[in-house]
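# Understanding the architecture of this molecule
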Amino acid sequence: MALADAPGGASRAAGRAPLAARPLSLGSVPPPALILLGIVSVQVGAGLAKHLFERLPPTSVVSIRLLASALVLGFVARKALRTVPRDHPWTSLAVVAGYGISLAAMNFAFYQALARIPLGVAVTVEFLGPLSVAIAGSRRPRDALWVVLAGAGVVMLARGGGATDLAGIAFALLAAVGWASYILLTAATGRRIPGTTGLALASIIGTLVMLPGGIAAGVAAGGGALLDPTLLLIGLGVGLLSSVIPYSLELEALRRVPARVFGILMSLEPAVAALVGVAVLGEVLGARQWVAIACVIVACAGATRGQKEPVEAPEA
């Protein structure tokens, strides 16, 4: 394939060029580094969001994050968005609407969990969503082992005591359901609306769903914080770190690594979340919680490792 040959040719050409003349681009960064940077970006964004909970309720923070993402993605896809209603049937638009609602629900549930339990714990439980998608419909006996292992990890987290409470675990499980729906609807949207247009439209729909509740929650909490430029700027940073930047990095990585490898590397996300929780939020986890996180990571990596690559990847 021409695209597959291009990176190698560019690399060889760069090898003959002076060091100072080599262009700096995402294409020059190894895919594992891109994936890791995307994971760190998402979790640092979540850490910043949790800091905002001291001044704003989680629903308001979710609304600001979604609004920031919708503004950036909407600007990027502004030309294509103008013709979406004309170029696509109502069935496709209904799928995108479901995509946007799942995006809003996933983020709402995750931030509610984040307000109650440590970041690493919330992300670990939420990771059951993509794990469920990975093993759904599988007939391999060993996948039952991954289910049991992940379930054991969640049970250990739920019964861990201390900073963990059942309401937070319940919201994280709801976020896992939202993440699974998000994955399935992402694929369905990509088959109908190519490029970033579907994601931009879904982000706008998700923002419209969450914004009234976010404004109402902010007003109930005092209202003045919603107009604080500093908090709004941090909220914009949360949106960029949690959505726009990792999406760009992961998209570039997926162009150069198989989806199976991508999934295995993404299994590191619960561990990175726990480390960011310690560094950014001071959330020190106990040995039992680290063992539980390790169980879910191994389950996710194991389930993904055995997946066969699709015969042909969808264009979107």
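Residues numbered from 1 in each chain as written. Predicted model: local features only at pLDDT ≥ 70, side-chain atom pairs only at ≥ 80, totals over all residues. Heavy atoms only, no water.

### Description of the overall build of the protein
Where we set the bar: Labels follow the DSSP assignment, with helices taken as runs of H or I lasting at least four residues and strands as runs of E lasting at least two, numbered in each case from the N terminus. Three labels apply to residues, based on accessible area from a 1.4 Å probe with only protein chains included: buried if under 20% of the type maximum, exposed if over 50%, partly exposed otherwise in between. In this analysis, two residues are considered to be in contact whenever any of their non-hydrogen atoms come within 4.5 Å of each other. Each accessible area is a Shrake-Rupley estimate made with a 1.4 Å probe; only the visible protein chains count as cover when residues are assessed.
Looking only at helices and strands, one finds 15 helices and zero strands in the protein. Residue burial in the protein is summarised as follows: out of 316 residues, 44% are buried. In the protein, the share of contacts with a sequence separation of at least 24, taken over all contacts with a separation of at least 6, comes to 87%. Carbon and sulfur atoms make up 69% of the accessible area of the protein, which amounts to about 15,700 Å² in all.

### Remarks on the environment of Ala 187
Within the fold, Ala 187 resides in helix 10 (residues 166-192). Judged by its relative accessible area of 38%, Ala 187 is partly exposed. Expressed as a C-alpha distance, the spacing of Ala 187 and Tyr 99, which sit 88 residues apart in the sequence, is 9.8 Å.

### Here we look at helix 3 (residues 58-76)
Quick reminder of the rule: By this rule the span expected of a helix is its residue count minus one, scaled by 1.5 Å.
For helix 3, spanning 19 residues, the distance from its first C-alpha to its last is 27 Å, which sits close to the expected 27 Å at 1.5 Å a residue. Among the 19 residues in helix 3, 14 count as buried, and that is most of the element.

### Description of the packing of helix 8 (residues 128-135) against helix 10
We count it as follows: A fitted line through C-alpha atoms represents every axis, and for helices the fit uses only the stretch in contact; the resulting angles, taken between N-to-C directions, go from 0 to 180 degrees. Working definition: roughly parallel below 35 degrees, roughly antiparallel above 145 degrees, roughly perpendicular at 65 to 115 degrees, and oblique for all remaining angles. Helix crossings get a hand from a simple test, with the near helix turned counterclockwise from the far one by less than a right angle marking a left-handed crossing and a clockwise turn marking a right-handed one. Residue polarity follows a fixed list, in which Ala, Val, Leu, Ile, Met, Phe, Trp, Tyr, Cys and Pro are nonpolar, Asp, Glu, Lys and Arg are charged, and the others, Gly among them, are polar.
Contact geometry for helix 8 and helix 10: axes closest at 7 Å, N-to-C directions at 45 degrees. Relative to helix 10, helix 8 is oriented oblique. Handedness of the helix 8/helix 10 crossing: right-handed. Across the interface between the two elements, Leu 128, Gly 129, Pro 130 and Val 133 of helix 8 pack against Leu 173, Ala 176, Trp 179, Ala 180, Ile 183 and Leu 184 of helix 10. Taken together, the residues of the contact of helix 8 with helix 10 sort by class into nine nonpolar, one polar and no charged.

### Describing the packing of helix 7 (residues 119-126) against helix 10
Helix packing geometry: the angle between the two helix axes and the distance between the axes. Where helix 7 contacts helix 10, the two axes come as close as 7 Å, and the packing angle between them is 45 degrees. With respect to each other, helix 7 and helix 10 are oriented oblique. When the axes of helix 7 and helix 10 are compared, the crossing they make is right-handed. Taken together, the residues of helix 10 that come into contact with helix 7 (itself represented by Val 121, Ala 122, Val 125 and Glu 126) are Ile 169, Ala 172, Leu 173, Ala 175, Ala 176 and Trp 179. Among the residues making up the contact of helix 7 with helix 10, the classes are represented as nine nonpolar, no polar and one charged.

### So, the side chain of Ser 69
Assignment of secondary structure puts Ser 69 in helix 3. With sequence-adjacent residues up to four places away left out, Ser 69 is seen in contact with Gly 74, Gly 239, Ser 243 and Val 244.

### Focus on the packing of aromatic side chains
Note the following rule: Note on ring pairs: Phe, Tyr and Trp rings are taken, using the six-membered ring of Trp, and paired if centres are within 6.5 Å. Classes follow the plane angle, with under 30 degrees stacked, over 60 edge-to-face and the rest tilted. A ring is scored as having a charge over it whenever the NZ atom of a lysine or the CZ atom of an arginine sits within 6 Å of its centre and within 35 degrees of its normal.
Within this structure, the stated rule accounts for four aromatic pairs. Both rings, one in Phe 127 and one in Trp 179, keep their centres 5.2 Å apart while their planes meet at 90 degrees; by these two values the pair is edge-to-face. Taken together, the residues Phe 127 in the loop between helix 7 and helix 8 and Trp 179 in helix 10 connect sequence positions 52 residues apart. Residue classification places Phe 127 among the buried residues on the basis of a relative accessible area of 5%. Owing to a relative accessible area of 14%, Trp 179 belongs among the buried residues under this scheme. Put simply, the rings of Phe 53, Phe 110 and Tyr 111 pair up and form one aromatic cluster. Seen from the ring of Phe 75, Arg 78 lies directly overhead, with NZ or CZ sitting 4.2 Å from the centre.

### Some words on a nonpolar patch on the surface
Spelled out, the test is: Patch membership needs two things, relative accessible area over 30% and no salt bridge, and members are linked within 9 Å if like-charged or within 5 Å if nonpolar (Val, Leu, Ile, Met, Phe, Trp, Tyr). Should a side-chain nitrogen of Lys or Arg be within 4 Å of a carboxyl oxygen of Asp or Glu, the pair is scored as a salt bridge.
Taken together, Leu 275, Val 278, Val 284 and Trp 290 make up a surface patch of nonpolar side chains, about 370 Å² in accessible area. For Val 284, the location among the structural elements is in the loop between helix 14 (269-281) and helix 15 (287-305).

### Observations regarding the environment of Gly 222
Structurally, Gly 222 is set in the loop between helix 11 (197-220) and helix 12 (229-254). Each C-alpha atom, one on Gly 222 and one on Arg 55, is 9.4 Å from the other, the two residues being 167 residues apart in sequence.

### Observations concerning the pattern of salt bridges
Summed over all chains, the structure comprises four salt bridges. The salt bridge involving Lys 50 is made with Glu 283; its shortest N-O contact spans 2.5 Å. Of the two residues, Lys 50 sits in helix 2 (residues 31-52) while Glu 283 sits in the loop between helix 14 and helix 15, which places them 233 residues apart along the sequence. By relative accessible area, Glu 283 is classed as buried at 13%. One salt bridge connects Arg 86 with Asp 87, and the closest N-O pair in it is separated by 3.4 Å.

### Things to note about the confidence of the model for the protein
Applicable threshold: Summary of the metric used: pLDDT quantifies the predictor's per-residue confidence within the range 0 to 100.
A residue-level look at the protein finds 86% of positions with pLDDT of 70 or above and a mean pLDDT of 81. The model gives residues 310-316 a pLDDT under 50, and that stretch makes one contact with residues more than four places away or in other chains.

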